[in-house]
Amino acid sequence: MMRSLRVRAFAKINLELRVLGLRPDGYHELRTTFQSIALADTLTFTATRGPFRIECDDPSFPADHTNLIWKAAQRVLALARKREQPFGVTVRVEKNIPMQAGLGGGSSNGAAALQALCRLWKVKATREELHHAAATLGADVPYFLEGGTALGFHRGDLLVPIDDISPAWVVVVVPEFGVSTKEAFAWWDASPRRNPKVSNDLQGVVAKRHPVVSKLVRALNKEGAFHASLSGSGSAVFGLFSRRSDAQAAARALAGPRTFVTPTLSRAACRRLAAK
Ligand code: C5P
């Protein structure tokens, strides 16, 4: 039996995010372009005789049943038509993706756990079953089963994988504060104003509460980014550069404590690198 499995769970940025309206289920109708980046958490799944456990050095990382890794384990057992609660696996998480940053860290962990636990527990699931299970974990979890460049519609869970963008270098700047996605959408509902010059509809309402967001986007543009924006509902802001050296120079100029330089990843690269 397979004892241990190590996978990488990549972060994403949203190259574009349009909020098209409020849905009857309380979610928002979206049109977004997801893009994988190489910034990743590492998840190690080890079979044990004890209870299901999530371990992480970061004390702010929730290690209980509210974690999407735990919920993914419950979904995999449901797919196997088992009624028991998760048992007999320790999941060690090396957390590199900042939380509450709009980089999809929790969702990416959830998608990675679905796939890894299917392998560890030898549960056969069709692509549709896996996609459906992912969508019950969160609106952008299905995207992380695909990776690369993809359009997301409906809640972000109807995916159209498209040709990968040309490789680019990404400067990701994460301010000290986090943003709750739920709250950001509530801000949008209170003043749904679209600015066609801004590629993320949530940027305006987030920047209104956290003006540093606009400052960072301006700074990234000034440093030569060919595209700069808030990612998802924030708080992370990113800038795209063609050359690594330009991205590194921009990161140095911005000099924040949580600034990353990382390449975009194609769908094929996500697959190839996930298991390393
Ligand atoms: O699906 P997930 O749990 O990741 O979403 C978090 C929150 O973000 C939801 O509870 C909802 O308030 C908001 N959301 C939304 N419309 C979307 C995606 C998320 O309103 N398409």
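Preceding this paragraph is the structure being described.
Calculation criteria
Along each chain, the written sequence defines residue order, and numbers are assigned to residues from 1. Note on the predicted model: pLDDT of at least 70 is required for a residue's local features to be given, and 80 or more for side-chain atom pairs to be given and counted; whole-chain, interface and lining totals, by contrast, use all residues. Side-chain numbers here rest on the full set of heavy atoms in the structure, without hydrogens or water. Any residue with a heavy atom positioned within 4 Å of a molecule or strand is treated as near that molecule or strand. Under this definition, polar contacts are N or O atom pairs within 3.5 Å; protein pairs additionally need one hydrogen-donor-capable and one acceptor-capable atom, and for neighbouring residues in sequence, both atoms have to be side-chain atoms. Computed by Shrake-Rupley with a 1.4 Å probe, the accessible areas treat only the displayed protein chains as cover when residues are assessed. Only DSSP runs of H or I with at least four residues qualify as helices, and only runs of E with at least two residues qualify as strands; both kinds are numbered from the N terminus onward. The nonpolar class holds Ala, Val, Leu, Ile, Met, Phe, Trp, Tyr, Cys and Pro. Asp, Glu, Lys and Arg form the charged class, and all remaining residues, Gly among them, are polar. We define a salt bridge as a contact between a side-chain nitrogen of Lys or Arg and a carboxyl oxygen of Asp or Glu at a distance within 4 Å. Burial classification: accessible surface area is computed with a 1.4 Å probe over protein chains only, and a residue below 20% of its type maximum counts as buried, one above 50% as exposed, and the rest as partly exposed. Strands are labelled as partners when DSSP assigns at least two bridges between them. Orientation is described by lines fitted to C-alpha atoms, with helices fitted over the stretch in contact, and by angles between N-to-C directions that extend from 0 to 180 degrees. Taken from the helix axis, the directions to the C-beta atoms give the arc we talk about. Pairs of residues are marked as contacts when any of their non-hydrogen atoms sit within 4.5 Å. Handedness of a crossover: with both strands directed away from the viewer, a clockwise path from the first strand across the helix to the second marks it as right-handed. Side-chain rings of Phe, Tyr and Trp, where Trp is taken by its six-membered ring, are said to pair if the distance between their centres is within 6.5 Å; with planes under 30 degrees apart they count as stacked, over 60 as edge-to-face, and otherwise as tilted. The rule is short: NZ of Lys or CZ of Arg within 6 Å of the ring centre and within 35 degrees of the ring normal puts a charge over the ring.

Caption draft 1: The site of the ligand, seen in detail. Every residue near the ligand is listed here: Gly26, Tyr27, His28, Leu30, Gly138, Ala139, Arg155, Thr181, Lys182 and Phe185. One of the side-chain nitrogen or oxygen atoms of His28 is found 2.6 Å away from an oxygen atom of the ligand. Measuring from an oxygen atom of the ligand, one finds a backbone N or O atom of Ala139 at 2.8 Å. Notes on the ligand: free accessible area 450 Å², of which the protein chains cover 76%. Those elements that provide at least two residues to the shell around the ligand are strand S2 (28–51) and helix H5 (181–190). Considering every element that reaches the shell around the ligand, the biggest residue donor is H5, with three residues. Class assignment for the residues of the shell around the ligand results in four nonpolar, four polar and two charged.

Caption draft 2: The pattern of salt bridges, seen in detail. Following the criterion strictly, the structure yields 13 salt bridges and no others. Between Asp201 and Arg18 there is a salt bridge, and its shortest N-O distance comes to 2.7 Å. Of the two residues, Asp201 sits in the loop between H5 and helix H6 (202–209) while Arg18 sits in strand S1 (residues 4–22), which places them 183 residues apart along the sequence. The pair Asp201 / Arg18 is uniform in exposure class, with both members buried. Notably, a salt bridge pairs Glu29 with Arg23, separated by 3.1 Å at the nearest N-O pair.

Caption draft 3: Structural detail: the sheet that holds strand S9 (residues 237–241). Ordered by their spatial adjacency, four strands build an open sheet running S8-S9-S7-S10, and the pairing between neighbours is antiparallel. Of all the strands in the sheet, just strand S8 (227–230) and strand S10 (259–263) have a single pairing partner and so form its edges. Here the average twist between neighbouring strands, direction ignored, is 20 degrees.

Caption draft 4: Layout of unusual backbone geometry. Residue Ser235 is bonded to the preceding Gly234 through a cis peptide linkage, with omega at 15 degrees. Along the chain, Ser235 turns up in the loop between S8 and S9. Despite not being glycine, Gln100 shows a phi value in the positive range, around 55 degrees. A positive phi angle, near 55 degrees, is found at Lys122, a position not held by glycine. Take Lys122: it is sitting in the loop between helix H2 (105–120) and helix H3 (127–137). Residue class for Lys122 comes out exposed when judged on its relative accessible area of 61%.

Caption draft 5: Fine view of helix H9 (residues 267–274). Three or more residues of H9 are buried, namely Arg267, Ala269 and Cys270. Projected down its long axis, H9 shows its buried positions confined to an angular sector of 160 degrees, all on one face. Of the residues in H9, the exposed ones pointing more than 90 degrees away from the buried face are Arg271 and Arg272. In this fold, the buried residues of H9 make contact with S1, S2, helix H4 (143–146), strand S5 (149–153) and strand S6 (158–161).

Caption draft 6: Spatial organisation of the side chain of His28. Position of His28 relative to the elements: it lies in strand S2. You can call His28 buried: its relative accessible area is 6%. A polar atom in the side chain of His28 sits 2.6 Å from the side chain of Asp189. Non-local contacts of His28, meaning those with residues more than four positions away in its chain, are made with Val19, Gly21, Leu22, Arg23, His154, Arg155, Phe185, Trp188 and Asp189.

Caption draft 7: Highlighting the pairing of strand S3 (residues 53–56). Judged by which residues are buried, S3 turns out to be one-sided: Ile54 and Cys56 face inward and are buried, whereas Arg53 and Glu55, on the alternate face, are not. Across four bridges, S3 lies against strand S4 (residues 87–94) in parallel orientation. If you follow Glu55 over to S4, its bridge partner there is Arg92. In terms of handedness, the path from S3 via helix H1 (residues 68–79) over to S4 forms a crossover that is left-handed.

Caption draft 8: Spotlight on the side chain of Gln35. Inspection of the secondary structure assignment puts Gln35 in strand S2. At a separation of 2.5 Å, a polar atom in the side chain of Gln35 contacts the side chain of Thr149. Among the polar contacts made by the side chain of Gln35, one reaches the main-chain carbonyl oxygen of Leu265 at a distance of 3.1 Å. Residue contacts for Gln35: discarding those within four places in its chain leaves Ala11, Lys12, Ile13, Leu15, Tyr143, Gly148, Thr149, Ile165, Thr264 and Leu265.

Caption draft 9: Fine view of the packing of aromatic side chains. A full pass over the atoms with the stated rule returns three aromatic pairs. Ring geometry for Phe52 and Trp70: centres 5.2 Å apart, planes at 75 degrees, overall edge-to-face. Note that Phe52 is positioned in the loop between S2 and S3 and Trp70 in helix H1, a separation of 18 residues in sequence. Phe52 sits in the buried class, given a relative accessible area of 4%. Summarising the aromatic geometry, the rings of Tyr143 and Phe144 are spaced 5.1 Å apart at their centres and angled 70 degrees between planes, so their arrangement reads as edge-to-face. The two residues Tyr143 and Phe144 agree in class, both being buried. Among the aromatic residues, ring-to-ring pairing joins Phe34, Tyr143 and Phe144 into one connected group. In this structure, Arg155 is placed above the aromatic ring of Tyr27, and the distance from its NZ or CZ to the ring centre is 4.5 Å.

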